[in-house]
Amino acid sequence: EVCRSLNGLALLHYDAGEYVEAEKLLRRAIAIHDKAQRREHPFLATSLVNLAVLCTKLERLDEAGQLFERAEYIQDTVLREDHPDVAVRLHAYAGLLAKLNRVDEARAAQARADEILAHQAEANPIAQ
């Protein structure tokens, strides 16, 4: 729960444009997961994706790519391929790919994210 709270606080700081504080909180959440040997936990993947988004925003594109790769590995290990968190990662990853001028790959990632979300909406019409 501490990691989830840190992640939530980091998002608030990110939205406020306080990127240094957001990064500190996300790195702290990641460190807690690592120290607790929860290296394949879905919440760790969430923090990694959020840090990757921040790195993309700050033009630290190589670092963002590495973070997305680590999150993808975790999600591939512990989540279904059509899990909503996978769609979130793919959507964010499409942003990185677009910045790298890998337009076709960005479109494919975004299309897959949209497909997952559409499938989720069909499967859970009440949740909308």
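1. Brief notes about the overall build of the protein chain
Phase 1: Looking only at helices and strands, the protein chain features 6 helices and 0 strands.
Phase 2: Moving toward the C terminus, one meets the helices and strands of the protein chain in the order α-α-α-α-α-α.
Phase 3: On C-alpha atoms alone, the protein chain measures out to a radius of gyration of 15 Å, which is about the 14 Å that the 2.2 N^0.38 rule sets for 128 residues.
Phase 4: Summarising its shape, the C-alpha atoms of the protein chain cover approximately 35 × 35 × 30 Å along the three principal directions.

2. Here's the deal with a negative patch on the surface
Phase 1: Together, Glu 69, Glu 72, Asp 76 and Glu 81 make up a negatively charged patch on the protein surface.
Phase 2: Position of Asp 76 relative to the elements: it lies in helix H4 (residues 61-78).

3. As for helix H2 (residues 19-35)
Phase 1: Counted at 1.5 Å a residue, the expected span for H2 with its 17 residues is 24 Å, and the 24 Å between its end C-alpha atoms agrees.
Phase 2: Buried within H2 are the following residues: Ala 22, Glu 23, Leu 25, Leu 26, Ala 29, Ile 30 and His 33. In a view along the axis of H2, the buried residues occupy a sector of 165 degrees, so they form one face of it. With respect to the buried face of H2, the exposed residues turned more than 90 degrees away are Val 20, Lys 24 and Lys 35.
Phase 3: Against the buried residues of H2 lie helix H1 (2-15), helix H3 (42-57) and H4.
Phase 4: Among the residues trailing H2, Gln 37 stands out with phi positive, at a value near 55 degrees.

4. A look at the nonpolar core
Phase 1: With 24 residues, the main nonpolar core has Leu 48, Leu 51, Leu 67 and Phe 68 as its most contacted residues.
Phase 2: For this core, the secondary-structure elements that each account for two or more residues are H1, H2, H3, H4 and helix H5 (84-99).
Phase 3: With 8 residues, H3 is the largest single contributor of residues to this core.

5. Quick word on the side chain of Gln 120
Phase 1: Locating Gln 120 in the fold gives a position in helix H6 (residues 103-123).
Phase 2: The class of Gln 120 is buried, set by a relative accessible area of 15%.
Phase 3: Setting aside residues up to four positions removed in sequence, Gln 120 forms contacts with Arg 80, Asp 82 and Pro 84.

6. Side note on the packing of H5 against H6
Phase 1: Where H5 contacts H6, the axes come no closer than 8 Å and their chain directions differ by 160 degrees. When the interaxial angle is binned, H5 and H6 end up roughly antiparallel. Here H5 and H6 pass one another in a crossing that is left-handed. For the pair H5 and H6, contact is made by Pro 84, Val 86, Ala 87, Leu 90, His 91, Ala 94, Leu 97 and Ala 98 and by Glu 105, Ala 106, Ala 109, Gln 110, Arg 112, Ala 113, Ile 116, Leu 117 and Gln 120, respectively.
Phase 2: Each residue belonging to the contact of H5 with H6 can be placed in one class, and the counts come to 12 nonpolar, 3 polar and 2 charged.

How each quantity is defined
Residues numbered from 1 in each chain as written. Predicted model: local features only at pLDDT ≥ 70, side-chain atom pairs only at ≥ 80, totals over all residues. Heavy atoms only, no water. Helix = DSSP H or I, 4+ residues; strand = E, 2+ residues; numbered from the N terminus. Rg over C-alpha atoms; globule rule 2.2 N^0.38 Å. Patch = residues over 30% accessible without salt bridge, like charges linked within 9 Å, V, L, I, M, F, W, Y side chains within 5 Å. Areas by Shrake-Rupley, 256 points an atom, 1.4 Å probe, with all protein chains shown as cover. Salt bridge = Lys/Arg side-chain N within 4 Å of Asp/Glu carboxyl O. Lys, Arg positive; Asp, Glu negative; His and termini not counted. Charge placed at Lys NZ, Arg CZ, Asp CG, Glu CD. Expected span 1.5 Å × (residues − 1). Buried < 20%, exposed > 50% of the residue type's maximum accessible area, 1.4 Å probe, protein only. Arc of directions from axis to C-beta. Contact = heavy atoms within 4.5 Å. Core = buried A, V, L, I, M, F, W, Y, C linked by side-chain atoms within 4.5 Å. Axes fitted to C-alpha atoms, helices over the stretch in contact; angles between N-to-C directions. Parallel < 35°, antiparallel > 145°, perpendicular 65-115°, else oblique. Left-handed = near helix turned anticlockwise from the far one by under 90°. Nonpolar A, V, L, I, M, F, W, Y, C, P; charged D, E, K, R; others polar.

Coordinates in, geometry out; function isn't part of it.
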